[in-house]
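Chain residues, written in single-letter form:
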Amino acid sequence: MKFVRPEEECGIFGVYNHPEAANLTYLGLYALQHRGQESCGIVSSDGMYLHSHKSMGLVADVFEDEEIFRTLPGKSAIGHVRYSTTGSSVSKNVQPIIVDYSRGSIAVAHNGNIVNAQMIKDELEAWGSIFQTTMDTEIIVHLLAMSKANSLLDRITEALVRVEGAYCLLFLSETQMVAVRDPNGFRPLCLGKRGDSYVVASESCALDLLEAQFVREIEPGEVVVIDKDGVNSFFPFKKVNPTPCIFEFIYFARPDSYIFGKNVYMVRKELGRQLARENKIEADIVIPVPDSGVPAALGYAQESGIRFEFGLMRNHYIGRTFIEPQQSIRHFGVKIKLNPVKDIIKGKRVIVIDDSIVRGTTSRKIVKMIRSAGAAEVHTLISAPPTDYPCYYGIDTPTRKELISSSHTIEEIRKYVTADSLGYLSVEGMMKAVGTGNTDFCRACFSGDYPVEFPIRLPEAQLGLFNKE
Ligand code: AMP
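Residues numbered from 1 in each chain as written. Predicted model: local features only at pLDDT ≥ 70, side-chain atom pairs only at ≥ 80, totals over all residues. Heavy atoms only, no water.

Caption draft 1: Highlighting helix α4 (residues 137-146). Burial analysis of α4 places eight of its ten residues in the buried class, the great majority of the element. Residues Thr137, Glu138, Ile139, Ile140, Val141, His142, Leu143 and Leu144 constitute the buried set of α4. Those residues of α4 hidden inside the fold are in contact with β5 (97-101), β6 (104-114), α3 (117-126), α5 (152-160) and β7 (165-172). (Buried < 20%, exposed > 50% of the residue type's maximum accessible area, 1.4 Å probe, protein only. Helix = DSSP H or I, 4+ residues; strand = E, 2+ residues; numbered from the N terminus. Contact = heavy atoms within 4.5 Å.)

Here is the structure:
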C-alpha cells in the first residue's frame, strides 16, 4: 500500500490575464526558488485547453529552453516550486497536477500539508478511485472531480471542507484562476496587480520582480476567484482562530518579503536583538551563518555593540544543503556550502548565529570549521527556541527522534556541536520579537501545541509525541 506523502514546503505563483502569462510565472517561480528546489512546473490556459511543462530540477534548468514557452500559450498560468523529503522525490510528483474530468480540465498547485490525507485517500480508494501520485494534493483533485456542484467555486469548496491541515492552493481551469488559503492561514499568500493582470504569490518578493503592485494578503479561509468578472472574494469555511506559521519568519520566507503583515528582515533583526538581550556574551565578533542567519546576527551586533563580520562565506550556486534527501549528501553539503574567512576569525572570540538547530550536524560542522580557522572561542546562538517537535503543516522538520533538542538538554547539544557555549531564544522572547499582537501564531515546532489535530500515526505515538511530559 502506498502512503500519501506530505507536500512539505513549496512555493506557488499564478498570473491571470497577461499575454505572457507563462513567462511571468517563470519569473515568479524564480523569485520563489528558495521555497523549493527539487522540482517545478507551469500550467497555462489558452481559454480552451490547459498546457503544461514540469520536471525535476531548478526553475532555470527546467525552463532553460525558450522554445518551452511556445508550448505554454495563453493569458493565464500557475506554477509551483517543490521541496520534499525522501521517497516522494520522483517525477510523477512534480506539480502543478493537471487532470481532465467531466467538466473539463483543472490544474492545481499546493503549498502545505493535509493532515487527514491518508484517511480520505483510503476512503476514496475503497470507492474505486485510482491515484496517480503519492501526493496529498491529488486528494483535492479527486474530491473536486467527484463533486456534483455547478460552479468551480462550489466544487472547490465542497472538496476543501473535507480537508484538514495547511494549504495554500492555486487552481487553474480553462477560464478561471482560484486562490485559496486554509482557515488557519498557516502559509503566506498574497495578491498583486500589474496593469490589467492579477498575480497571486506565496511571497511578496515574487511580485517585486514582476513590478506588480502588492494589493493585499489573501486572508485565512479566503477563496479568491479571478475571471472575466474580476476578483471576487468568498469565505465559505467555518471560521477558526488563524495560526500563521512562525517558522516562516524564522527561517523559511525571504527577508525582503512581507508576510503576515510584516517584513521578514525586520522581524529577523528583532529576533537577533532579543537574542542579545537574553544571551550576553563577551566576544570580539558576531558572525552569521549565511544567508538565513544574517539579519539576526546584525540585530545581535547592534543590540550588544559587538562588531559584525562576515566570517563564513557561502557558495550560492548550490541548493540549500538540507534539501538533499540523502544523509550522506547533507554531511558533504555543509563543506561545499560554507568556508571560513580565516583573517576575520583567527584569534577571535566568535559568536556565530544561526536560525535553528535541527539534527545538529550543520552546527557541529560549522563550529569545527570556525575553530580550525583559528578562533579562540566559539559561542553558538540560535535566533529561535529549540525545535523540539516535528511540523505537520508543511515545514520539513524530521520526526522527533531525529530532532536533537527533543531528546537532549542544551548542555548535551553544546557538547555535541563542540561550542564553548550555546544559547537559544526563549519562546516569550520570540513572540515579543515577532510582535504577534492578537495573532495566535502556530509555534508547534517549539511547544508541541498543534492547532489542527491530526490522526495519530503509530511511530510518532511511540516516540512520545502524544505523551508530552
Ligand atoms: P541540522 O544540521 O539538521 O541541524 O540543520 C540545521 C540547519 O538547517 C540550519 O542552518 C537551518 O538554517 C537549516 N534549517 C532549519 N530548518 C530547516 C528546514 N525546515 N528546511 C531546510 N533547512 C532548515
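Having seen it, we continue.
Caption draft 2: Spotlight on the site of the ligand. Near the ligand you find 17 residues, and of these Tyr251, Asp354, Arg359, Gly360 and Thr362 are the closest. Within the side chain of tyrosine 83, a nitrogen or oxygen atom sits 2.9 Å from a nitrogen atom of the ligand. A distance of 2.8 Å separates an oxygen atom of the ligand from a polar backbone atom of arginine 359. Notes on the ligand: free accessible area 500 Å², of which the protein chains cover 97%. (Near = heavy atom within 4 Å. Polar contact = N/O pair within 3.5 Å; in protein donor to acceptor, adjacent residues only side chain to side chain. Areas by Shrake-Rupley, 256 points an atom, 1.4 Å probe, with all protein chains shown as cover.)

Caption draft 3: Structural detail: the sheet that holds β5. Strand order in the open sheet made by the six strands is β5-β6-β7-β8-β12-β13, with antiparallel pairing throughout. The open sheet terminates on both sides in strands that have one partner only, identified here as β5 and β13 (230-234). Averaged over all pairs of adjacent strands, the angle between strand axes in this sheet comes to 20°, irrespective of strand direction. The strands that α5 touches are β5, β6, β7, β8 (177-181), β12 (223-227) and β13; relative to β8, the one it contacts most, it runs at about 30°. (Pairing = 2+ DSSP bridges. Axes fitted to C-alpha atoms, helices over the stretch in contact; angles between N-to-C directions.)

Caption draft 4: Region of the structure containing a nonpolar patch on the surface. There is a patch of nonpolar side chains on the surface, built from Leu27, Tyr30 and Leu209 and spanning about 260 Å² of accessible area. By the secondary structure assignment, leucine 27 is in helix α1 (residues 21-31). (Patch = residues over 30% accessible without salt bridge, like charges linked within 9 Å, V, L, I, M, F, W, Y side chains within 5 Å. Salt bridge = Lys/Arg side-chain N within 4 Å of Asp/Glu carboxyl O.)

Caption draft 5: Fine view of the environment of proline 19. With respect to the helices and strands, the residue proline 19 is situated in the loop between β1 (10-16) and α1. Along the backbone, proline 19 and serine 76 are 57 residues apart, and their C-alpha atoms lie at a distance of 8.0 Å. Look past the residues within four positions of proline 19 in its chain and what remains in contact with it is Gly74 and Lys75.

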